[in-house]
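Inside the fold
Chain by chain, the residues run as shown.
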Amino acid sequence: MTVRITPSILNADLANLASEVERIPSADGLHIDVMDGHFVPNLVMGAPFVESLRRTTDLMFDVHLMIEDPDRWAPHYVEAGAQSVTFHLEAATAPIKLARELRAMGARAAIALRPATPVEQIADYLAEFDQVLLMTVEPGFGGQKFLDPVLAKIRRARKLIDASGADIWLQIDGGVSADTIARAAEAGADTFVAGSAVYRSDDPDQVVTSLRAQALAAQGPHR
């Protein structure tokens, strides 16, 4: 199974993002958090920001919308240059309709679940999505501690994805570091958002490479 590391720029130097992106050439994509101050208490980013950043790099943009009314706003992020747009099940009014709209625009459609939201809620229409994001912290702020109880949810999600036969990435976001990534990979995650662990280090790209190696080793030959 492929392992993807998509660093979050939430913990990068937001005043020098072009140079911060250059520090992670080994990354599989860039995770961009968008928060509206309503769905989560923080407020950061927006479609004009994504459009501006798009001009500085060819990395895949994985935009994570932690906002109310994603049904209205998600398509704007595809227009701004995102190749993958993630919206929350808890916020979307018509998740299947929105996923199909994003796909029709040429983007990957991804669904995110808060830690307490059961993955079984999307079991019947899993194939509508290209990625499932399981939050391993409460969304809203970087630097939080990984919630180990979510590991059981990752295992359940992996079984559902494997049973579907569809090519769906299983992403986790929150508290991903050298201390936690192996457990999450062993449970079945294949795509990892790492923020603090990457950008609070002296060599962010070395951390990306190291995290990928740890995850691959933890997956083992059965993956």
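Placed above this text is the structure.
Scope of this entry: the structure provided in the associated data block. (Residues numbered from 1 in each chain as written. Predicted model: local features only at pLDDT ≥ 70, side-chain atom pairs only at ≥ 80, totals over all residues. Heavy atoms only, no water.)

Comments concerning the nonpolar core
In terms of nonpolar packing, the biggest core is built from 65 residues, with Y77, I154 and F192 touching the most fellow members. If we ignore the near neighbours within four places in the chain, the residues touching Y77 are V34, G46, A47, V50, V63, L65, A82 and V85. Ranked by size, the runner-up nonpolar core spans 7 residues in total, among them M35, V40, V44 and A91. (Core = buried A, V, L, I, M, F, W, Y, C linked by side-chain atoms within 4.5 Å. Buried < 20%, exposed > 50% of the residue type's maximum accessible area, 1.4 Å probe, protein only. Contact = heavy atoms within 4.5 Å.)

Notes on helix α3 (residues 70–79)
All of the buried residues in α3 are P70, A74, P75, Y77 and V78. In an axial view of α3, the angular spread of the buried residues amounts to 155°, which keeps them on one side of the axis. Facing away from the buried surface of α3 by more than 90 degrees, the exposed residues are R72 and E79. Buried residues in α3 make contact with β2 (30–36), α2 (47–54), β4 (61–66), β5 (84–88) and α4 (95–104). (Helix = DSSP H or I, 4+ residues; strand = E, 2+ residues; numbered from the N terminus. Arc of directions from axis to C-beta.)

Points about the pairing of β2
When you tally the buried positions in β2, you get 7 out of 7 residues, the bulk of the element. Neither face of β2 is left uncovered, since the one carrying L30, I32, V34 and D36 and the one carrying H31, D33 and M35 both have all their residues buried. Sheet topology note: the β2/β4 ladder contains 6 bridges and is parallel. Residue pairing for β4: D33 is matched across the bridge by H64. (Pairing = 2+ DSSP bridges.)

What about the pattern of salt bridges?
One side chain can pair with another of opposite charge once the charged atoms of both are near each other. The full count for this structure, using the stated rule, is 11 salt bridges. R4 is the salt-bridge partner of D190, the closest N and O atoms lying 3.1 Å from each other. Of the two residues, D190 is situated in the loop between α6 (181–187) and β9 (191–193) and R4 in strand β1 (residues 4–5); the sequence distance between them amounts to 186 residues. On the basis of relative accessible area, D190 is assigned to the buried category, the value being 3%. Notably, a salt bridge pairs R212 with D28, separated by 2.9 Å at the nearest N-O pair. Taken together, the positions of R212 in helix α8 (residues 204–219) and D28 in the loop between α1 (17–22) and β2 put the pair 184 residues apart, joining distant regions of the chain. Judged by its relative accessible area of 17%, R212 is buried. One connected set of salt bridges, linked through shared partners, spans R4, R158, D162 and D190. (Salt bridge = Lys/Arg side-chain N within 4 Å of Asp/Glu carboxyl O.)

Brief notes about the pairing of strand β8 (residues 169–173)
Burial analysis of β8 places 5 of its 5 residues in the buried class, the great majority of the element. Here β8 shows a buried face lined by W169, Q171 and D173 and a second buried face lined by L170 and I172. As judged from the 5 bridges shared by strand β7 (residues 131–135) and β8, these two strands associate in the parallel manner. Along β8, the bridge assignment pairs L134 with I172. Pairing geometry for β8 and β9, over 3 bridges, is parallel. By the bridge assignment for β9, Q171 is matched with T191. Chirality of the crossover, the property in question, places the unit of β8, α6 and β9 among those that are right-handed. (Right-handed = clockwise from strand over helix to strand, strands pointing away.)

Considering the side chain of T136
With respect to the helices and strands, T136 occurs in the loop between β7 and α5 (150–164). The residues touching T136, leaving out its near neighbours within four places in the chain, are K145, F146, L147, V150, I154, I172, D173 and G174.

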